[in-house]
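The lines below spell out each chain.
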Amino acid sequence: MRETILLGLEQAYENLVHMIADFLPRLAVMVVIILTGLLVAFLLKYLLRFILHLTRFDRISEEAGASHVLRKADLPPMTELLSRSLFWMTFLGFTLLGISVLGIPELQEQISRLFQLFPEIFVAMLVLFVGVLASNFLSRAALLAAVNAGYRSPRLWSGSVRFVVWILAISMALEQIGLARETVIAAFSIFLGAVMLALAIAFGLGGRDLAKQTLERYIGDKGKEKEKEVEPSPL
Amino acid sequence: MPEEFLLSDDLLRQLMSVGEVDLLVGLPSHNNAKTIGCTVETIEETFQHGFPRERVVIVNVDGGSKDGTSEVVMNATLPKHPSSRGLTSLRTEHRIVTRYAAAPSPGIAFRTLLAAADLLRAKACAVISPETSNITTQWVGSLLQPVYRQNFDFVAPLYCRPKYDGLLARNLLYPMSRATFGRRIREIHSTELGFSGRLATHCLNQDVWNTEAVQVAPETWMAITAICADFPCCQAFLGPKEPVAGSSGTDIVTAVRQTVGTLFWCLESQERVWMERVGSEPVPTFGPDRELSSQKVRVNRKRIFDLFRSGVAELSPLLKSILAADTDAEIQRVATLDERNFHFDEVLWTRTLCDFAAAYHHSRLNRDHLLQALVPLYRGRIYSFLLEHQDSSPDEIEADSEKLCVEFERQKPYLIERWNAKT
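Residues numbered from 1 in each chain as written. Chains lettered and ligands numbered in written order. Predicted model: local features only at pLDDT ≥ 70, side-chain atom pairs only at ≥ 80, totals over all residues.

Observations regarding the overall build of chain B
Our working definition: In this description a helix means any DSSP run of H or I spanning at least four residues, a strand means any run of E spanning at least two, and both kinds are numbered starting from the N terminus. Within these notes, the globule rule equals 2.2 Å times the number of residues to the 0.38 power, and the radius of gyration is based on C-alpha atoms. Counts of 20 or more other C-beta atoms within 10 Å of a residue's own C-beta define buried residues, counts of 12 or fewer define exposed ones, and intermediate counts define partly exposed ones; C-beta atoms are placed from the backbone. By the criterion used throughout, residues are in contact when their C-beta atoms, derived from the backbone, lie within 7 Å.
Looking only at helices and strands, one finds 18 helices and 11 strands in chain B. A compact globule built from 423 residues would reach a C-alpha radius of gyration of about 22 Å, and chain B, at 22 Å, matches this within 12%. Expressed along its principal axes, the backbone C-alpha trace of chain B runs to roughly 70 × 45 × 40 Å. Counting only residues that meet the buried cut, chain B has 48% of its 423 residues in that class. Considering only intrachain contacts with a sequence separation of at least 6, the fraction spanning at least 24 residues in chain B is 87%.

Focus on the overall build of chain A
Of regular secondary structure, chain A possesses nine helices and zero strands. Counting from the amino terminus, helix and strand elements in chain A follow one another as α-α-α-α-α-α-α-α-α. Taken over 235 residues, chain A has a buried fraction of 17%. Intrachain contacts of chain A at a sequence separation of at least 6 include 61% that bridge at least 24 residues.

A look at the pairing of strand β2 (residues 56-62) of chain B
Residue and element names in this part refer to chain B. Put simply, the rule is: Between any two strands, at least two bridges found by DSSP are needed for them to pair.
The element β2 is largely enclosed, with a buried count of seven among its seven residues. Here β2 shows a buried face lined by Val56, Ile58, Asn60 and Asp62 and a second buried face lined by Val57, Val59 and Val61. By the bridge criterion, seven bridges tie strand β1 (residues 23-29) to β2 in an arrangement that is parallel. Following the sheet pairing, Val25 is matched in β2 by Ile58.

Concerning the packing of helix α15 (residues 346-361) of chain B against helix α17 (residues 394-410) of chain B
Residue and element names in this part refer to chain B. As a reminder of what qualifies: Angles run from 0 to 180 degrees between N-to-C directions of axes, and those axes are lines fitted to C-alpha atoms, restricted for helices to the stretch in contact. Oblique is the label for every angle not falling under 35 degrees (roughly parallel), over 145 degrees (roughly antiparallel), or within 65 to 115 degrees (roughly perpendicular). Crossing handedness follows the turn of the near helix against the far one: under a right angle anticlockwise gives a left-handed crossing, and clockwise gives a right-handed one.
In the contact formed by α15 and α17, the axes pass within 9 Å of each other and the chain directions differ by 50°. The orientation of α15 relative to α17 falls into the category oblique. The handedness of the crossing between α15 and α17 comes out as right-handed. Residues Glu346, Val347 and Thr350 of α15 form the contact with α17, whose participating residues are Lys403, Leu404, Glu407 and Phe408.

Describing the environment of Glu276 of chain B
Here Glu276 of chain B lies in helix α11 (residues 271-276). Separated by 86 residues in the primary sequence, Glu276 of chain B and His362 of chain B have C-alpha atoms spaced 20 Å apart.

Some words on the interface of chain B and chain A
Accessible area lost upon the coming together of the parts serves often as the stated size of an interface. Short version of the rule: In this classification, the charged set is Asp, Glu, Lys and Arg, the nonpolar set is Ala, Val, Leu, Ile, Met, Phe, Trp, Tyr, Cys and Pro, and all remaining amino acids, among them Gly, are polar.
Listed per partner, the contact involves 33 residues of chain B and 21 residues of chain A. Among the residues forming the side of chain B that touches chain A, the class breakdown is 16 nonpolar, 12 polar and five charged.

Overview of the domain arrangement of chain A
Basically, it comes down to this: Each domain span listed reflects an automatic or database assignment of domains.
In terms of domains, chain A is made up of domain 1 (1-103) and domain 2 (117-208). Placing the centre of domain 1 of chain A and that of domain 2 of chain A at their C-alpha centroids yields a distance of 36 Å.

With respect to the nonpolar core
Residue and element names in this part refer to chain B. Selection rule: Any set of buried Ala, Val, Leu, Ile, Met, Phe, Trp, Tyr and Cys residues joined through C-beta atoms within 7 Å is what this text calls a nonpolar core.
If you look at the biggest cluster of nonpolar residues, it comprises 137 residues, and the most contacted ones within it are Leu23 and Leu24. Examining the composition of this core, we find that 10 residues originate from one element, helix α16 (residues 367-388), more than from any other. Setting aside residues up to four positions removed in sequence, Leu23 forms contacts with Phe51, Glu54, Val56, Ala122, Ala124, Leu144 and Tyr148.

So, the environment of Phe286 of chain B
All names here are of chain B. With respect to the element layout, Phe286 can be found in strand β10 (residues 285-286). Placed 144 residues apart in sequence, Phe286 and Ser142 show a C-alpha to C-alpha distance of 8.0 Å. With sequence-adjacent residues up to four places away left out, Phe286 is seen in contact with Ser142, Pro146, Cys234, Ala236 and Phe237.

Re the domain arrangement of chain B
Residues and elements named next belong to chain B. Here chain B is partitioned into domain 1 (9-293) and domain 2 (301-420). Taking the mean C-alpha position of each, domain 1 and domain 2 sit 30 Å from one another. Its residues placed into classes, the side of domain 1 that touches domain 2 shows 14 nonpolar, four polar and six charged.

Quick notes on the pairing of strand β7 (residues 193-196) of chain B
All names here are of chain B. Alternating residues of β7 divide into Leu193 and Phe195 and Gly194 and Ser196, and every residue in both groups is buried. Both strand β5 (residues 154-162) and β7 contribute to a ladder of two bridges, which runs antiparallel. From the neighbouring strand, Val155 faces β7, where its bridge partner is Gly194.

Quick notes on the confidence of the model for chain A
Counted only if it meets this: For every residue, the pLDDT score states the predictor's confidence, bounded by 0 at the bottom and 100 at the top.
Taken residue by residue, chain A gives an average pLDDT of 82. The fraction at 70 or more is 89%. Mean pLDDT across the elements of chain A bottoms out in helix α9 (residues 221-228) of chain A (50) and peaks in helix α1 (residues 2-54) of chain A (90).

Describing α16 of chain B
Residues and elements named next belong to chain B. Rules: One less than the number of residues in a helix, times 1.5 Å, gives the span that helix is expected to have. The bend reported for a residue corresponds to the angle between axes fitted to the seven residues ending at that residue and the seven starting there.
The end-to-end C-alpha separation of α16 is 32 Å, in line with the 32 Å expected for 22 residues at 1.5 Å each. Of all bends in α16, the biggest is about 30°, found at Pro376. Counting buried residues in α16 gives 16 out of 22 residues, a clear majority hidden from the surface.

A short note on the packing of α1 of chain A against helix α4 (residues 78-101) of chain A
All names here are of chain A. Contact geometry for α1 and α4: axes closest at 8 Å, N-to-C directions at 165°. In terms of orientation, α1 lies roughly antiparallel with respect to α4. As for the relative orientation of α1 and α4, their crossing is right-handed in sense.

Digging into the environment of Asn300 of chain B
Residues and elements named next belong to chain B. Structurally, the position occupied by Asn300 is in the loop between β11 (292-293) and α12 (301-314). Taking the C-beta count within 10 Å as the criterion, Asn300 has 16 such neighbours and is therefore assigned partly exposed. Sequence separation of Asn300 and Thr98 is 202 residues, and the distance between their C-alpha atoms is 42 Å.

A short note on unusual backbone geometry
Residue and element names in this part refer to chain B. Phi is positive for Arg121, which is not a glycine, with a value near 55°. Here the phi dihedral of Asp230 falls at roughly 60°; this positive angle occurs in a residue that is not glycine. Tracing the backbone through its elements, the reader meets Asp230 in the loop between α9 (218-228) and β8 (233-240).

See below:
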């Protein structure tokens with residue numbers, strides 16, 4: 001019996017040594033991959049930052065209003081944000097690659113799933129980013145047009161435009177990831193339909209006078225007469 | 001020509017059949033069939049009486065008219081003058097008609113005219129707008145004579161205006177262009193002008209024709225180019241200008257986007273020239289150098305004031321990012337003033353424009369949005385002007401304009417400081 005126990009212990013010890021001998025090189029490879037990833041991520045980060053500085057990307061972002069949104073959200077400037085994102089994405093990619101080298105089947109499955117989602121997540125983030133730029137640009141254009149035309153509640157116009165573009169961008173991003181595709185489409189259609197109906201009812205019932213005034217302004221002669229005496233010729 | 005610009009085969013054929021000319025009058029048009037016949041007749045009458053021996057051509061550049069404008073140009077005939085005895089001229093008076101696109105574009109039309117002037121080696125050219133209903137032979141002669149007979153290269157028009165007309169020119173374009181570029185040309189933006197073949201060739205060779213500023217207001221760009229390149233410039237008084245009845249005119253937002261946009265763009269492209277110029281010099285003027293009529297114009301002042309006030313309130317975050325802190329604070333204060341005691345003085349107006357020009361240069365905002373954000377403030381200044389000059393005589397208005405110009409010249413170092421400031 002004593003011999004059996006000793007044999008068992010010896011077997012266990014051998015197994016452990018074998019496992020460690022098998023695992024340690026993989027761990028070393030993982031560490032090397034992660035360290036290489038760190039180096040590559042740093043290089044890519046500085047390279048992207050350099051290119052963005054060279055192309056004056058911050059100025060473009062400032063013009064489009066994206067920098068303003070980032071400042072409001074207490075985020076770093078656009079150049080910094082993009083280069084940091086690239087750093088973390090590269091580093092994360094290498095880390096996951098390193099972990100997969102360990103050869104743990106459950107982990108490998110999850111990692112391969114995550115890898116498959118990576119391009120979709122990247123595209124979704126890009127869609128959201130373009131959505132932010134477009135919503136800022138268009139809402140500011142709507143605000144200026146409404147202010148200069150003398151419409152009531154210009155911020156409501158501008159806010160509505162921003163909201164619609166945001167909803168559109170979010171639904172496109174979610175669809176890109178493939179998250180509850182049918183639900184997103186249905187929710188978006190219902191939501192947009194409801195907003196349009198609400199606006200139609202509000203304008204038709206609540207704003208009858210405004211509707212009348214607007215039509216008179218554009219179609220009736222009264223409007224034309226009024227317009228004529230509004231402002232002196234600038235040129 | 002720096003970048004590819006192709007004239008149509010038909011236009012080239014017409015130009016070759018004309019050969020060389022002394023005088024060229026350009027008529028950019030778009031659906032002007034009602035008035036352009038009369039304009040062509042007036043131009044030909046000017047040729048017959050003022051330039052009987054010169055080789056002349058009228059070039060109509062049409063932007064896709066659907067009312068037969070080009071046909072009217074070709075078929076217009078000069079009615080026989082009772083005093084003439086049959087033969088009026090031994091030369092052929094050429095007319096060229098060309099269509100450049102399906103939609104009007106001032107830049108393409110102007111460039112085509114310059115190319116025609118260059119190819120025909122025209123000595124003096126004039127551009128006349130068929131939108132004006134009261135063109136006389138004196139107009140055309142006044143624009144051509146200084147170039148053809150007195151060696152000027154650029155002739156800006158001067159008009160007799162009702163006192164509330166042309167307020168953008170009076171309050172912004174003239175004072176700012178005078179202070180920066182150093183020449184006292186009142187109508188920096190006009191659809192009528194005269195220029196030499198030399199200036200036409202110079203402008204044609206500039207690599208700017210694809211920029212939006214030049215596309216929308218090429219006349220303004222040409223005026224500033226002539227000033228900056230030290231071409232001899234002058235002004236010629238034309239008389240009252242009356243738009244065609246029923247035409248809506250240019251609205252404030254479009255006018256600001258086109259003219260102020262081009263002025264700011266020229267400030268940027270001619271930076272090295274204007275930064276070195278100090279003060280301003282008058283240019284020779286043929287006829288009176290100003291004339292205001294007391295003709296009443298119906299103006300809804302209350303609406304202008306309301307638009308200013310709501311604009312300042314709604315755009316306050318935008319204005320904060322464009323204006324210097326003290327200018328912004330002062331504008332916010334002015335916007336709280338009572339309608340009857342409102343005053344948007346020349347110091348504040350000048351500093352506002354300097355801040356806007358610098359913000360345009362630093363691209364602090366999308367440039368088109370920036371120009372649109374100026375409109376409410378312009379309305380504030382206009383309201384102040386209208387309030388102040390309800391009963392003013394033309395001389396008083398003129399004195400006030402001069403005060404504004406002097407203030408702009410005084411504030412030029414501030415503009416340079418803001419322009420050069422690092423963002």
